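Letter by letter, the chains look like this.
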Amino acid sequence: MINIMMRLGVFNFSINTAAYQAFSRSTAYRWQAVERYGKLPAQQYTGPGDDSITLSGDIYPDYAGGLHQIDNMRTEAGKGQPLILVDGNGYVWGKWCIQSIEESKDTFLSNGVARKMSFTLKMTRYGEDA
């Protein structure tokens, strides 16, 4: 995957499109309290919890990628399907669901077109049946 930072479905994050500058991942693990007489509750591991990734970045449409990069992200999200996530090294992260996309714009031209667009994309791992 040359020059692609990450691919989500058919959407590419890259220097030439929407490059993310921040990547954060949060993974939860489920533990259930089991009551015991005369003792503190014991903790029993009940399996993996939510796994989420947040990507944040800036787009300069005059430089590369055009004005519709965030719209293209929304198109992928609007499919209502879990999407395959693959990083630039070819590692397949599995299926992920886009939970939200936030957008902000600034540094406008006289016709109202933004010269800088910022995004935050939040996704959660799709719980596959083994």
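Above: the structure in question.
Keep in mind the model is a prediction, meaning the values are calculated, not measured.

Conventions and cut-offs
Residues numbered from 1 in each chain as written. Predicted model: local features only at pLDDT ≥ 70, side-chain atom pairs only at ≥ 80, totals over all residues. Heavy atoms only, no water. Phe/Tyr/Trp six-rings, centres within 6.5 Å; stacked < 30°, edge-to-face > 60°. Buried < 20%, exposed > 50% of the residue type's maximum accessible area, 1.4 Å probe, protein only. Pairing = 2+ DSSP bridges. Helix = DSSP H or I, 4+ residues; strand = E, 2+ residues; numbered from the N terminus. 1 Å grid on protein atoms, 1.4 Å probe; cavity = no way out; pocket = protein on both sides within 12 Å on 5 of 7 lines; lining within 4 Å. Points joined across faces, edges and corners; volume = space filled by probe spheres on them. Nonpolar A, V, L, I, M, F, W, Y, C, P; charged D, E, K, R; others polar. Arc of directions from axis to C-beta. Contact = heavy atoms within 4.5 Å.

(A) Geometry of the packing of aromatic side chains. Evaluation of the coordinates by the stated rule reveals 7 aromatic pairs. Measuring from centroid to centroid gives 4.9 Å for F11 and F13, while their planes differ by 75°, and the two rings are edge-to-face. Take F11 and F13: they sit in the same class, and that class is buried. For the pair Y20 and F23, a centre-to-centre distance of 6.5 Å together with 45° between the ring planes defines the contact as tilted. Classification of Y20 as buried rests on a relative accessible area of 15%. Three or more aromatic residues link up through ring pairs in this structure, and these residues are F11, F13, Y20, F23, Y91, W93 and F119.

(B) Highlighting the pairing of strand β3 (residues 19–36). In terms of strand pairing, β3 meets strand β4 (residues 39–59) through 15 bridges, oriented antiparallel. If you follow R30 over to β4, its bridge partner there is G47. Hairpin remark: β3 followed by β4, antiparallel, with 2 residues in the connecting loop; positive phi at G38, about 75°.

(C) View of the layout of surface pockets. In this structure, the largest pocket spans a volume of roughly 170 Å³. Surrounding the largest pocket, T27, A28, P48, G49, D50, D51, R125, Y126, G127 and E128 form its lining. Per element, the largest residue contribution to the lining of the largest pocket is 4 residues, and it comes from β4. When grouped by side-chain class, the residues that make up the lining of the largest pocket number 3 nonpolar, 3 polar and 4 charged.

(D) Molecular detail of helix α1 (residues 69–78). Residues of α1 that are buried include every one of Q69, I70, M73 and E76, and no others. The buried residues of α1 occupy an angular sector of 110° when the element is viewed end-on, so they sit on one face. For α1, the secondary structure elements touched by its buried residues are β1 (6–8), β2 (11–13), β4, β5 (83–87), β6 (92–108) and β7 (114–125). Following α1 by one or two positions, G80 adopts a phi angle in the positive range, close to 65°.

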